[in-house]
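A closer look at the structure
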Amino acid sequence: MTVDRALELLELRTKRAISFLPEKQRLYFEKLKGRSTSRGILLFGPRGSGKTTFLLSIAGSEEMFYVSADDLLINAEPFLELAQLVLL
């Protein structure tokens, strides 16, 4: 698989995940959105606290690129090459 194809698949997975987001969001999402920057976001916390949902909601509304570190495509292609394509 080429890096371009992997990037296409990652974008498709992100769009699909955004389409399944719940309409009702947690109350603290708006406060977190005010603190986020366009350079990057790193969240940590317990399972089920809304980290992925929050990041996907930002990615959908602000046209950011979301990548999950446990996605198998990240392991299949060199991450640096994928990141360079996203930044272009």
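Refer to the structure presented above.
Residues numbered from 1 in each chain as written. Predicted model: local features only at pLDDT ≥ 70, side-chain atom pairs only at ≥ 80, totals over all residues. Heavy atoms only, no water.

Remarks on the overall build of the chain
Here is the rule we go by: Under the DSSP-based scheme used, a helix requires at least four consecutive residues in state H or I and a strand at least two consecutive residues in state E, with every element numbered from the N terminus. By the convention used here, residues are in contact when the closest approach between their heavy atoms is within 4.5 Å. Here the Shrake-Rupley method, with its probe set to 1.4 Å, supplies the accessible areas, and only the displayed protein chains count as covering residues.
Helix and strand counts for the chain stand at 5 helices and 0 strands. Counting from the amino terminus, helix and strand elements in the chain follow one another as α-α-α-α-α. For the chain, the proportion of contacts with a sequence separation of at least 24, taken over those separated by at least 6, is 61%. Carbon and sulfur atoms make up 56% of the accessible area of the chain, which totals about 6900 Å².

Structural notes on the nonpolar core
Applicable threshold: Nonpolar cores were defined as sets of buried Ala, Val, Leu, Ile, Met, Phe, Trp, Tyr and Cys residues, with membership established by side-chain atoms within 4.5 Å. Each residue gets one of three labels from its accessible area relative to the maximum for its type: buried under 20%, exposed over 50%, partly exposed in between, using a 1.4 Å probe on protein chains only.
By size, the foremost hydrophobic cluster in this structure holds 8 residues: Val3, Ala6, Leu7, Leu9, Leu10, Leu73, Ile74 and Leu82. Of all the secondary-structure elements, those providing two or more residues to this core are helix H1 (3-19) and helix H4 (72-76). Broken down by element, the residue count for this core peaks at 5 residues, all from H1. One finds Phe29, Phe54, Leu56 and Ile58 within the second-largest nonpolar core, a separate group that totals 7 residues.

Here we look at the environment of Phe79
Considering the arrangement of structural elements, one finds Phe79 in helix H5 (residues 79-87). Assessed through its relative accessible area of 48%, Phe79 is described here as partly exposed. Taking C-alpha positions, Phe79 is 9.2 Å from Val3, a pair spaced 76 residues apart along the chain.

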